[in-house]
Amino acid sequence: METRKVPPRKDGRIIIHFDYDCFYAAVFEAKNPSLKSLPFAVQQKQIIVTCNYEARRRGLHKLQLIREARKVCPDVIIELGEDISRFRDASKELYKFIRAYSWNGKVERLGFDEVWMDVTDMVDYNMQLLNPHNLAQSFFQTSQDDPMSGFNFDATALAGHPYPVEYTSQQQDLVVQDRLTLRLHLGSHLALYIRHALEQQKGYTSTVGISTSKLLSKLVGNLNKPKGQTTVMPPLAASDHGLGNAQLFMDTHGIGKVPGIGYKLATLLRSYITQRPPDYETDLVYGGKPEIVSVANVRNRSSVNPAMLEKLLDGPGSPHGIGYKIWCLLHGIDDTEVAQAKPVPSQISIEDSYIRLDTMPEVLRELTTLARSLLARMRIDLLAEDGVDEPAGVEDGGHEATITTSTLKKWLAHPKTLRLTTRPRQPLQPDGTRVRSFKRISHSSPVPNFVFILTESIDILAEKLVRETLVSMFHKLHPEKSGWNLSLVNLAVTNMAETGGDSKTARGRDIGSMLRRQDDVLRDFKVIEEDDVEEVPPSRLTGLAHRAHENGRVRDRSMRKDDVPKDPNIKVVDEVEEATPTNVVEIINDGEHDGGGTNGSMWQDEQEDGEEEEEEIRFDSDLQSCVDCGMQLPTFAMIAHRRFHAPS
DNA sequence: CGGGGGGACT
DNA sequence: AGTCCCC
């Protein structure tokens, strides 16, 4: 009984999940907009990896064989997308664009086309700026330093679609009773604002989900794509009235659709529920058939509980506590944090696949090619201009011979481990069939120091790396002289040792932005300091700011390719036109008209007439001291500030 | 069917 | 070094 207790919800965060619409196709379309109106698809080897919505309208879909695609839609335009550097570059550019809006640096990429952003601090800050008596004419401040930059919006309305669809907000008690609804409204308007910026300034459309966790925000976005956005609305938790919306939403999903439940776990869970071995015809999801086993099926089975799930799902390679984690996912609970933006990747890997690779000369050639690519990538992703803490960027990418400017560059991190991975094909069975295997084997060794020499050319270094390191690693993996029949080779550097240094880390940058924000808060405080000289004398303000600064500095030292198509269910027929709330027009126009509009800043209103008594009281009485660093802040800023001290 | 990644954990 | 997970 109590072993089946529903885990507690923690809905204190607001998280936005972005998913760029048909990303690979969009990268081509961004360069060649005429493709947008034509059926267009991107090919890797023998399959369509993605296609635009015009192509989908004509019956094409992801992971379709090229032959089939041409048969269904003979006039489809197809581009080869096996060189993924352009996608990687575009992905980084869009990621940086989105990250620039963040105040707390919690912006995490998944693959090339998804980004989570934890906007709790922005939302809560702006909650304090709301005028409870005129929510319909609100202003969202998007910059910590500039109270003028932001957008007008209607805080009584949600931007985009709600889940459930029939949801209507109870406007009367928005502020007092249902603070979460109001916070989600703010999150949805911020999401819309960033999404439109992405489209207008970068040319990419996206689909967005808004909720209180990574899990729910990612899943709920799927309800309105492409170029739509959806928010899971309260009540999220269960009550006397029935299931909460979080559970209602999770229950509709096939078990394998839940992020965190992959092929292996889904297969085990399905077999447990059906009490039979997997049947790929009925259990899986080709052609839009729903999965036969849903989240509700698993969750409602009385024998299912965290301990049981732990036993069922535990195995080599699976983490401890998996049973409880899955139990939480089934209930729509995911407390994992959006990761802080990292200054350097934790791994760089290059791979290629082959029809057949089994002689030493071929292997040497491929290893050299991969090594060249790897060294080039290291110089792109791990190098910064001297005195600049951003990676060097794409402009110097991959041009091995041009090292003349290298004296200006500096390594942000030194990977310590070099790893060589191969995937041998299984030999033919006696009956002539082949067991398909995705098993990889790998061998690691220390990264030799010479790869960091910037005055030497990448070609020379790559050959040296093959000769002195990779060949012997390869022999450890494959002692036989030949006949390995490799289908894949992967070369990677991992185990990044960041070049310590001051303010070179994301943490350091975060402290910097934190301090700017606090300066802001303190400056805003001066507006009302006349009313309360005792508590915050102007002379002390600078002292506090100074102390805050010192404190910051001290701290600173201190399936396998899936055997199952990942999204076989795509059956989008038409582009969904975003149900555009009226305030969208204001939002779009906001950047263009003069910043000082009618309600452009609540600060101004307060400064000019001071008639909003509630506001005055709030600002006068709420100074608190941080127990960690002693900084004095108003309550609303303390919320974000405490998160800054929290272990990440 | 099947590309070229990336990350967490044991 | 291998097994999971994700796109």
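As a starting point, this report considers the structure included with it. Because the structure is a prediction, the values reported are computed rather than measured. (Residues numbered from 1 in each chain as written. Chains lettered and ligands numbered in written order. Predicted model: local features only at pLDDT ≥ 70, side-chain atom pairs only at ≥ 80, totals over all residues. Heavy atoms only, no water.)

**Digging into the overall build of chain A**
In terms of helices and strands, chain A carries 20 helices and 20 strands. Counting all 648 residues of chain A, 50% fall into the buried class. Summed over all atoms, the accessible surface of chain A reaches about 31,100 Å², with 53% contributed by carbon and sulfur. (Helix = DSSP H or I, 4+ residues; strand = E, 2+ residues; numbered from the N terminus. Buried < 20%, exposed > 50% of the residue type's maximum accessible area, 1.4 Å probe, protein only. Areas by Shrake-Rupley, 256 points an atom, 1.4 Å probe, with all protein chains shown as cover.)

**Examining the packing of helix α11 (residues 306-313) against helix α12 (residues 322-330)**
Running from N to C, α11 and α12 cross one another at 115°; their axes reach a closest spacing of 7 Å. The handedness of the crossing between α11 and α12 comes out as right-handed. Taken together, the residues of α12 that come into contact with α11 (itself represented by P306, L309, E310 and L313) are I322, G323, Y324, I326, W327 and L330. Residue composition of the contact of α11 with α12, by class: eight nonpolar, one polar and one charged. (Axes fitted to C-alpha atoms, helices over the stretch in contact; angles between N-to-C directions. Left-handed = near helix turned anticlockwise from the far one by under 90°. Contact = heavy atoms within 4.5 Å. Nonpolar A, V, L, I, M, F, W, Y, C, P; charged D, E, K, R; others polar.)

**Here we look at the protein's contact with DNA strand C**
Every one of the 19 residues lining DNA strand C counts as a neighbour, but I261, G262, L265, H443 and S444 are closest to it. One nitrogen or oxygen atom from the side chain of H443 is found 2.9 Å from a phosphate oxygen belonging to DNA strand C. Contacts to DNA strand C include S444, whose backbone N or O atom sits 2.4 Å from a phosphate oxygen. Looking at the surface near DNA strand C element by element, the count peaks at four residues for strand β17 (residues 441-446). Residue classes in the surface near DNA strand C are distributed as eight nonpolar, six polar and five charged. (Near = heavy atom within 4 Å. Polar contact = N/O pair within 3.5 Å; in protein donor to acceptor, adjacent residues only side chain to side chain.)

**Here we look at the sheet that holds strand β16 (residues 413-424)**
Within the open sheet, the four strands sit side by side as β13-β18-β16-β17. Their pairing is antiparallel. Each edge of the open sheet carries a strand with a single partner, namely β13 (347-353) and β17. For this sheet, the mean inter-axis angle between neighbouring strands, taken without regard to orientation, is 15°. Bridge analysis of β16 against strand β18 (residues 486-498) gives 11 bridges, and the strand direction is antiparallel. When the sheet's bridge partners are listed, T422 is paired in β18 with V489. Set on the sheet, helix α13 (residues 360-381) makes contact with β13, β16 and β18; between it and β13 the angle comes to about 150°. (Pairing = 2+ DSSP bridges.)

**Section: the state of the cysteines**
As enumerated under the stated definition, the model contains zero disulfides in all. C22 supplies the cysteine sulfur nearest to C51, a cysteine that is in no disulfide, at a spacing of 7.4 Å. We classify C51 as buried; its relative accessible area is 0%. (Disulfide = S-S within 2.5 Å.)

**Some remarks on the sheet that holds strand β7 (residues 114-118)**
Ordered by their spatial adjacency, six strands build an open sheet running β6-β7-β1-β11-β12-β10, and the pairing between neighbours is mixed. Of all strands in the sheet, those bounded by a partner on one side alone are β6 (107-110) and β10 (161-163). Across the sheet, the mean angle from the axis of one strand to that of its neighbour is 20°, orientation sign disregarded. Where strand β1 (residues 15-20) lies against strand β11 (residues 206-211), six bridges are found, and the strand directions are antiparallel. In the strand pairing of β11, I16 is matched with I210. In the packing of helix α6 (residues 179-202) onto the sheet, the strands contacted are β1, β7, β11 and β12 (229-232), and the crossing angle to β11 comes to about 165°.

**Here's the deal with the side chain of H478**
For H478, the location among the structural elements is in the loop between α14 (458-477) and β18. Of the residues examined, H478 reaches a relative accessible area of 4% and is grouped as buried. Here the side chain of H478 touches T422 through a polar contact of 2.8 Å, side chain to side chain. Sequence-distant contacts of H478, that is, excluding residues within four places in its chain, are made with T422, P424, I441, W484 and L486.

**Brief notes about the packing of aromatic side chains**
The geometry of an aromatic ring pair comes down to the distance between the two centres and the angle between the two planes. Taken as a whole and judged by the stated rule, the model has 16 aromatic pairs. For the pair W103 and Y125, a centre-to-centre distance of 5.2 Å together with 80° between the ring planes defines the contact as edge-to-face. Residue W103 is found in the loop between α4 (85-99) and β6, and its partner Y125 is found in helix α5 (residues 120-129); the two are separated by 22 residues along the sequence. The aromatic ring of Y53 is capped on one face by R56, whose charged end is 4.4 Å from the ring centroid. Positioned above the aromatic ring of W116, the side-chain terminus of K214 is 4.5 Å from the ring centre. (Phe/Tyr/Trp six-rings, centres within 6.5 Å; stacked < 30°, edge-to-face > 60°. Lys NZ or Arg CZ within 6 Å of the ring centre and 35° of its normal.)

**Here we look at the environment of L216**
Position of L216 relative to the elements: it lies in helix α7 (residues 214-221). C-alpha of L216 to C-alpha of A246: the two residues are 30 residues apart in sequence and 7.6 Å apart in space.

**Examining α12**
Among the nine residues in α12, seven count as buried, and that is most of the element. Where α12 is concerned, the buried positions are I322, G323, I326, W327, C328, L329 and L330. Of the surrounding secondary structure, the elements contacted by the buried residues of α12 are α7, α8 (245-251), α9 (263-274), α10 (295-300) and α11. After α12 finishes, the residue G332 shows a positive phi value of roughly 75°.

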